[in-house]
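A structural walkthrough
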Amino acid sequence: MLSYKHGFHAGNHADVLKHIVLIYLYNLEKKHNKSISYVDTHSGNGIYKYISRYMDKNKEYKYGIKKIEKYSGENNLIINYLKKLKIISKNNNFYPGSPCIISNISHNSDKLFFCELHKNEYESLKINHNKFTNVKIIKTDGFKYIDKVAYNKKSFFILIDPSYEIKEDYENINYILDNLEKKYENSKIIIWYPIVNYSENDLFIENIRKKGIGNLLNIELPIMPNDEEKRMKGSGLLIINFKEKKILKDLKNLVKDLHFYLKYSEDVYNPKVRYL
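To keep things clear, this report deals only with the structure shown in the data block. Numbers given to residues run from 1 along each chain, matching the order in which its sequence is written. In keeping with the model being predicted, local features are shown solely for residues with a pLDDT of at least 70 and side-chain atom pairs are shown and tallied solely at 80 or more, while totals for entire chains, interfaces and linings include all residues. The side-chain numbers reported here are obtained from all heavy atoms of the structure, hydrogens and water having been left aside.

The next subject is the state of the cysteines. Two cysteine sulfur atoms make up a disulfide if the distance between them is within 2.5 Å. All chains considered together, the criterion is met by zero disulfides. Cysteine Cys 100 shares no disulfide, and the gap to the nearest cysteine sulfur, in Cys 115, comes to 17 Å.

Laid out in structure tokens, this is it:
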């Protein structure tokens, strides 16, 4: 369904949602912590040029960042995201992935761990982030890495962003959710997932709801109408252990604007922001 290469999808509607929320929540954490230990489990290479054989193939960025980059509204989360992108990519010839974004907004005291299993992506990731002294790049399966290093007294900020091309990705997500109290009680976690089929996605969310996890916020941003075509019709985020009360209101305002700008037509489901 989805190509593993991040570059095929860089800058699309899912990246816009994911990166706006990532910047927002990371900056909130920086207000309360002198040092953040951040883990990106599926990093990719971090920099995606618009003129390349990956981004140019499907041009998904035209339905994501290019629809929002001239945003004229008043939502501060979107405005701040666009400002950060402009600073990071001065000539606007590439879209920064999550490692590039976090490297540029982190403090030197933060410790950043970027996991990437695929050799070519790993090598590019090292080159693209060699100027950052607080970054450690690890050639490994990100799921295995966090299972090895995390324990419930240690606090991490974790972004989990697999391709979901294989069934094991969903199994690994369920394993993490089933072991939150054992391993991740003090960690802040953002899990991204694609919406390909709305009915199957409802079952996925219902199974998570049945786990009875406390402080689990769910965002869903549908972009395309409900049809039989196999494509990513939207995406969602599971946001775990972020406790500030303002987050719910801020994210509701965010997805309302994003839905207006990014939806393909008027017959698209409404976005959701709710605690499960």
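A word on helix 5 (residues 98-105). When a residue's accessible area, from a 1.4 Å probe over protein chains only, is under 20% of the maximum for its type it is buried; when over 50% it is exposed; and in between it is partly exposed. Put simply, DSSP marks the helices as runs of H or I at least four residues long and the strands as runs of E at least two long, and each gets a number from the N terminus on. With seven of eight residues buried, helix 5 lies mostly within the body of the structure. Of the residues making up helix 5, those classed as buried are Ser 98, Pro 99, Cys 100, Ile 101, Ile 102, Ser 103 and Ile 105.

Contact pair helix 1 (residues 13-32) / helix 11 (residues 246-262): the axes reach a minimum separation of 11 Å and the direction vectors enclose 155°. One finds that helix 1 runs roughly antiparallel with respect to helix 11. Crossing of helix 1 against helix 11: the hand is right-handed. Residues His 13, Val 16, Leu 17, Ile 20, Val 21, Tyr 24, Leu 25 and Leu 28 of helix 1 lie in contact with helix 11, whose contacting residues are Lys 246, Ile 247, Asp 250, Leu 251, Leu 254, Val 255, Leu 258 and Leu 262. Between N-to-C directions, angles cover 0 to 180 degrees, with each direction set by a line fitted to C-alpha atoms, over the stretch in contact for helices. Each angle is binned into one of four classes, with values under 35 degrees roughly parallel, values over 145 roughly antiparallel, values of 65 to 115 roughly perpendicular, and all other values oblique. Each crossing gets its handedness from the near helix: less than a right angle anticlockwise from the far helix is left-handed, clockwise is right-handed. A contact between two residues is defined here by any heavy atoms of the two lying within 4.5 Å.

The next subject is the side chain of Ser 187. Considering the arrangement of structural elements, one finds Ser 187 in the loop between helix 9 (180-183) and strand 7 (188-195). Look at Ser 187 and you get buried, because its relative accessible area is 0%. In contact with Ser 187, other than residues within four places in its own chain, are Lys 154, Ser 155, Phe 156, Ile 158, Ile 240 and Asn 241.

Another aspect to go through is helix 1. Taking 1.5 Å of rise per residue, the 20 residues of helix 1 would be expected to cover 28 Å, and the 30 Å separating its terminal C-alpha atoms lies within 8% of that figure. Of all 20 residues making up helix 1, 17 are buried, and the element is well covered by its neighbours. Between a side-chain oxygen at the N-terminus of helix 1 and the backbone nitrogen of Ala 14 the separation is 3.1 Å; the capping residue is Asn 12. In this scheme, a helix's expected span is set at 1.5 Å multiplied by one less than its residue total. Here a polar contact is taken to be a pair of N or O atoms separated by no more than 3.5 Å, where protein atoms must pair a possible hydrogen donor with a possible acceptor and residues adjacent in sequence count only if both atoms sit in side chains.

Turning to unusual backbone geometry, a few remarks are in order. Even without a glycine there, the phi angle at Tyr 164 is positive, about 60°. Locating Tyr 164 in the fold gives a position in the loop between strand 6 (157-160) and helix 8 (167-178). The class for Tyr 164 is buried, based on a relative accessible area of 5%. Unusually for a residue other than glycine, Asn 241 sits at a positive phi of about 75°. Inspection of the secondary structure puts Asn 241 in the loop between strand 9 (234-240) and helix 11. Look at Asn 241 and you get buried, because its relative accessible area is 14%.

Turning our attention to the pattern of salt bridges. Take a side-chain nitrogen of Lys or Arg and a carboxyl oxygen of Asp or Glu: if they are within 4 Å of each other, that pair is a salt bridge. All told, the structure shown has 12 salt bridges when counted by the stated rule. Residue Glu 29 is joined to Lys 188 by a salt bridge in which the shortest nitrogen-to-oxygen separation is 3.6 Å. Linking Glu 29 in helix 1 with Lys 188 in strand 7, this pair joins segments that are 159 residues apart in sequence. As far as the burial class goes, Glu 29 and Lys 188 line up, both buried. One connected set of salt bridges, linked through shared partners, spans Asp 15, Lys 18 and Asp 161.

Turning to the sheet that holds strand 4 (residues 111-115), a few remarks are in order. DSSP-based pairing: two strands are paired if at least 2 bridges between them are found. Strand order in the open sheet made by the eight strands is 5-4-1-6-7-9-8-10, with mixed pairing throughout. In this open sheet, the two edge strands, each paired with only one partner strand, are strand 5 (135-138) and strand 10 (272-275). Each adjacent strand pair in this sheet contributes to an overall mean axis angle of 15°, direction not counted. Relative to strand 9, strand 8 (residues 216-222) runs antiparallel, the two sharing seven bridges.

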